[in-house]
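Residues per chain are reported as follows:
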Amino acid sequence: MLLDGPAAPITSEPVGQTEPRVTRSSVAAFMLDAAEAGTFIRQAPAVSN
């Protein structure tokens, strides 16, 4: 479930092993960091706050 709110620390786990809630700003920050670092190439991480 995507929520409104400020970016918060994120956890990245295999699908099905995370909490079902994350803020939109946290997802955006995670995606930018992953793109810049080149992590999670051809992977589908699940993220949550």
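This text follows the structure it describes.
My aim in this report is to walk through the structure given alongside it, one point at a time. Everything numeric here is computed off the predicted structure, so don't read it as measured data. (Residues numbered from 1 in each chain as written. Predicted model: local features only at pLDDT ≥ 70, side-chain atom pairs only at ≥ 80, totals over all residues. Heavy atoms only, no water.)

1. Observations regarding the pattern of salt bridges
Counted by the stated rule, this structure contains one salt bridge. For Arg24, the salt bridge is made with Asp4, and the minimal N-O distance between the two is 2.9 Å. With Arg24 in helix H1 (residues 24-37) and Asp4 in the loop between strand E1 (2-3) and strand E2 (11-13), this pair connects stretches of sequence that are 20 residues apart. The exposure class of Arg24 is partly exposed, given its relative accessible area of 44%. (Salt bridge = Lys/Arg side-chain N within 4 Å of Asp/Glu carboxyl O. Helix = DSSP H or I, 4+ residues; strand = E, 2+ residues; numbered from the N terminus. Buried < 20%, exposed > 50% of the residue type's maximum accessible area, 1.4 Å probe, protein only.)

2. Notes on the side chain of Ser26
You can see Ser26 is positioned in helix H1. Only 3.0 Å separates the side chain of Ser26 from the side chain of Asn49, close enough to count as a polar contact. With sequence-adjacent residues up to four places away left out, Ser26 is seen in contact with Pro6, Ala7, Ala8, Ile10 and Asn49. (Polar contact = N/O pair within 3.5 Å; in protein donor to acceptor, adjacent residues only side chain to side chain. Contact = heavy atoms within 4.5 Å.)

3. A word on the packing of aromatic side chains
What describes a pair of aromatic rings is the distance from one ring centre to the other and the angle between the planes of the rings. Scanning the model with the defined rule gives one aromatic pair in all. Ring geometry for Phe30 and Phe40: centres 5.5 Å apart, planes at 45°, overall tilted. On the criterion of sequence distance, the pair formed by Phe30 in helix H1 and Phe40 in the loop between H1 and strand E4 (46-48) is long-range, its members being ten residues apart. Overall, the relative accessible area of 17% leaves Phe30 in the buried class. By relative accessible area, Phe40 is classed as partly exposed at 30%. (Phe/Tyr/Trp six-rings, centres within 6.5 Å; stacked < 30°, edge-to-face > 60°.)

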